[in-house]
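Below are the chains, spelled out letter by letter.
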Amino acid sequence: MTTIETGRAAAVWPWISTVARLGLAAVFLIAGGLHVGDLAASGRAVNAYQLMSYDAARLVGAIQPFLEIAVGLLLLIGLATRLSAAIGALLLVVFIAGIVSAWARGLQIECGCFNKGGGLAAGKTAQYLPEILRDVGFLVLAGILLVKPRSRLSVDGLLMGEQ
């Protein structure tokens, strides 16, 4: 690579990271925002995966929307970007593992990512592969931020004197 090509790549990466950061922020803010108003439904969605006791699922369902919103807000403003992306990536891996587990065990549930979740309506069939692929796409965004956390329009950049 020439010096000019290296310089261009260095100039472009912060913008790619900005798009990844804002996209991932939107995902977590929307998902958390959809659930924070009905924590009981969030608990039922977690319980539908049948991976823990009902009481534990209710607790996880009550905490999860606030964690998603916190991660989304940190990513939105670009504060502690690498840490926020790491927490987001961990959540996404857990979500993907839960969906794979439900699929492998033959459960017929809504994932609950952007809806109330829980059991499917009569006559509907779970569509796990598109949900997994969507979450893998979000995981790629988090991966970009883990490798290249510096982005434009961020508090991190202001604190580091880069903007």
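Look a little higher up for the structure.
Notes on the structure in this doc start here. For clarity, every value in this text was computed on a predicted model and none was experimentally measured.

Describing the packing of helix α4 (residues 81-104) against helix α5 (residues 128-147)
Running from amino to carboxyl end, α4 crosses α5 at an angle of 160 degrees, the nearest separation of the two axes being 9 Å. Classified by the angle between their axes, α4 and α5 sit roughly antiparallel to one another. In this structure, α4 crosses over α5, and the sense of that crossing is left-handed.

Brief notes about the environment of Leu-67
For Leu-67, the location among the structural elements is in helix α3 (residues 54-77). We classify Leu-67 as partly exposed; its relative accessible area is 34%. Distance from Leu-67 to Val-94, taken between C-alpha atoms, is 13 Å for residues 27 residues apart in sequence. Beyond its immediate chain neighbours, meaning those up to four positions away, Leu-67 contacts Ile-87 and Leu-91.

So, the layout of surface pockets
Empty pockets left among the atoms are what a rolling probe the size of a water molecule brings to light. Taken as a whole, the largest pocket spans an internal volume of roughly 490 Å³. What lines the largest pocket is a set of 28 residues, among which Val-46, Tyr-49, Gln-64, Val-94 and Phe-95 lie closest to the centre. Going through the elements one at a time, α1 (3-36), α2 (39-47), α3, α4 and α5 are the ones with two or more residues in the lining of the largest pocket. Examining the composition of the lining of the largest pocket, we find that six residues originate from one element, α4, more than from any other.

Calculation notes
Residues numbered from 1 in each chain as written. Predicted model: local features only at pLDDT ≥ 70, side-chain atom pairs only at ≥ 80, totals over all residues. Heavy atoms only, no water. Axes fitted to C-alpha atoms, helices over the stretch in contact; angles between N-to-C directions. Helix = DSSP H or I, 4+ residues; strand = E, 2+ residues; numbered from the N terminus. Parallel < 35°, antiparallel > 145°, perpendicular 65-115°, else oblique. Left-handed = near helix turned anticlockwise from the far one by under 90°. Buried < 20%, exposed > 50% of the residue type's maximum accessible area, 1.4 Å probe, protein only. Contact = heavy atoms within 4.5 Å. 1 Å grid on protein atoms, 1.4 Å probe; cavity = no way out; pocket = protein on both sides within 12 Å on 5 of 7 lines; lining within 4 Å. Points joined across faces, edges and corners; volume = space filled by probe spheres on them.

Nothing here speaks to function; it is geometry throughout.
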